[in-house]
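# Coordinates in review
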Amino acid sequence: MSSAQERAKELAREMKRAIMEAKTAEARAKRLGEEVLLALAEAKKELEAASTIVEYPTGRYECKQCGHGSIFSQPYRELPACDNCGSHEYVGAEPTITKITPPPPRKYAVGMYECTGCRTRVVVAEETDELSPCDVCGAHKLRPV
Ligand SMILES: [Zn+2]
Ligand SMILES: [Zn+2]
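Rules used throughout
- Residues numbered from 1 in each chain as written.
- Chains lettered and ligands numbered in written order.
- Predicted model: local features only at pLDDT ≥ 70, side-chain atom pairs only at ≥ 80, totals over all residues.
- Heavy atoms only, no water.
- Salt bridge = Lys/Arg side-chain N within 4 Å of Asp/Glu carboxyl O.
- Pairing = 2+ DSSP bridges.
- Helix = DSSP H or I, 4+ residues; strand = E, 2+ residues; numbered from the N terminus.
- Core = buried A, V, L, I, M, F, W, Y, C linked by side-chain atoms within 4.5 Å.
- Buried < 20%, exposed > 50% of the residue type's maximum accessible area, 1.4 Å probe, protein only.
- Contact = heavy atoms within 4.5 Å.
- Donors = N, O, S within 2.8 Å, 3.2 Å for Na, K, Ca; no water.
- Phe/Tyr/Trp six-rings, centres within 6.5 Å; stacked < 30°, edge-to-face > 60°.
- Tetrahedral: all angles 85-135°; square planar, octahedral: opposite > 155°, others 65-115°.
- 1 Å grid on protein atoms, 1.4 Å probe; cavity = no way out; pocket = protein on both sides within 12 Å on 5 of 7 lines; lining within 4 Å.
- Points joined across faces, edges and corners; volume = space filled by probe spheres on them.
- Nonpolar A, V, L, I, M, F, W, Y, C, P; charged D, E, K, R; others polar.
- Domains from an automatic or database assignment.

### Structural notes on the pattern of salt bridges
Using the criterion set out here, one finds seven salt bridges in the structure. Between Arg60 and Glu62 there is a salt bridge, with its nearest N and O atoms 3.9 Å apart. Through salt bridges with shared partners, a single network forms among Glu114, Arg119, Arg121 and Arg143.

See below:
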């Protein structure tokens, strides 16, 4: 076999390996992309939860189950269990609910973006007014997917 033939065979093997690797990497990127979107959805939920503060004021509470009276000398986000029966329900326990107004939305929402130059997908994990350039080609051409 000529050395050129040898080289061609070697290159063909390498090409095959590279294709396999690319496929594995692509599957991995896809899976990671899905995980990122899940995490982003969770982060959004956390933010929403953090924007509402529920607080039970100090004072005398009466257990709904056994009628036992309790004096709470500090405000609670969740009322403690009744000393007598362990119930968490109290008569007339009305919490004050404070809603925190979230900051105005930024220009670009959190999510998956695609570079219109090289088709690379980029995750924007935080709302922003200015998108960073594409990681791969450096173009400022990201658009939401
Ligand atoms: Zn009780
Ligand atoms: Zn690009």
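### Describing the sheet that holds strand 4 (residues 90-91)
Spatially, three strands are ordered 3-2-4 in an open sheet, and the strand pairing comes out antiparallel. The two strands at the open ends of the sheet, each matched to only one other strand, are strand 3 (69-72) and strand 4. Across two bridges, the pairing between strand 2 (residues 59-63) and strand 4 is antiparallel. Bridge pairing in strand 4 links Glu62 to Val91.

### Focus on the nonpolar core
By size, the foremost hydrophobic cluster in this structure holds eight residues: Tyr56, Tyr61, Cys63, Phe72, Leu79, Cys82, Tyr90 and Ala93. Beyond its immediate stretch of four places on either side in the chain, Tyr61 contacts Tyr56, His68, Gly69, Ser70, Phe72, Leu79, Tyr90 and Ala93. By size, the runner-up hydrophobic cluster in this structure holds seven residues, among which are Tyr113, Cys115, Val122 and Cys134.

### Examining the coordination of the zinc ion (ligand 2)
The zinc ion (ligand 2) binds to the protein through Cys115 (SG), Cys118 (SG), Cys134 (SG) and Cys137 (SG), with metal-donor distances spanning 2.2 to 2.3 Å. Motif for the zinc ion (ligand 2), donor spacing along one chain: C-x2-C-x15-C-x2-C. Here Cys118, found in the loop between strand 6 (111-115) and strand 7 (121-124), pairs with Cys137, found in the loop between strand 7 and strand 8 (142-144); they are 19 residues apart in sequence, far enough to count as distant.

### Let's talk about the packing of aromatic side chains
When we look at a pair of aromatic rings, we describe it by the centre distance and by the angle of the planes. Counted under the stated rule, the structure contains five aromatic pairs. Between Phe72 and Tyr90, the ring centres sit 5.5 Å apart and the planes meet at 80°, which makes this aromatic pair edge-to-face. One end of the pair, Phe72, is in strand 3; the other, Tyr90, is in strand 4, and 18 residues separate them in sequence. Residue Phe72 shares its accessibility class with Tyr90, and that shared class is buried. Each ring, one from Tyr108 and one from Tyr113, has its centre 6.5 Å from the other, and the planes form 70°; the classification is edge-to-face. When its relative accessible area of 25% is taken as the criterion, Tyr108 is described as partly exposed. For Tyr113, a relative accessible area of 4% corresponds to the buried category. What links up through ring pairs into an aromatic cluster is the set Tyr61, Phe72, Tyr76 and Tyr90.

### Considering the coordination of the zinc ion (ligand 1)
On the protein side, the zinc ion (ligand 1) has Cys63 (SG), Cys66 (SG), Cys82 (SG) and Cys85 (SG) as donor atoms, found 2.3 Å from it. Coordination at the zinc ion (ligand 1) is tetrahedral: its four donor atoms span angles of 101 to 114° at the metal. Coordination of the zinc ion (ligand 1) draws on donor residues from a single chain, spaced C-x2-C-x15-C-x2-C in sequence. Residue Cys66 is found in the loop between strand 2 and strand 3, and its partner Cys85 is found in the loop between strand 3 and strand 4; the two are separated by 19 residues along the sequence.

### Quick look at the layout of surface pockets
Empty space within the largest pocket amounts to approximately 680 Å³. Lining the largest pocket we find 20 residues, and of these Ala43, Lys44, Leu47, Val110 and Glu127 sit closest to its centre. Here the lining of the largest pocket is composed, by residue class, of 13 nonpolar, two polar and five charged. Each of two domains, domain 1 (1-51) and domain 3 (103-145), supplies a minimum of three residues to the lining of the largest pocket. Estimates place the volume of the second largest pocket at around 240 Å³. Lining the second largest pocket are Ala29, Lys30, Leu32, Gly33, Glu34, Val36, Leu37, Met112, Arg121 and Val123. Those elements that provide at least two residues to the lining of the second largest pocket are helix 1 (3-50) and strand 7. Considering each element in turn, the lining of the second largest pocket owes the most residues, seven residues, to helix 1. Considered class by class, the residues forming the lining of the second largest pocket number six nonpolar, one polar and three charged.

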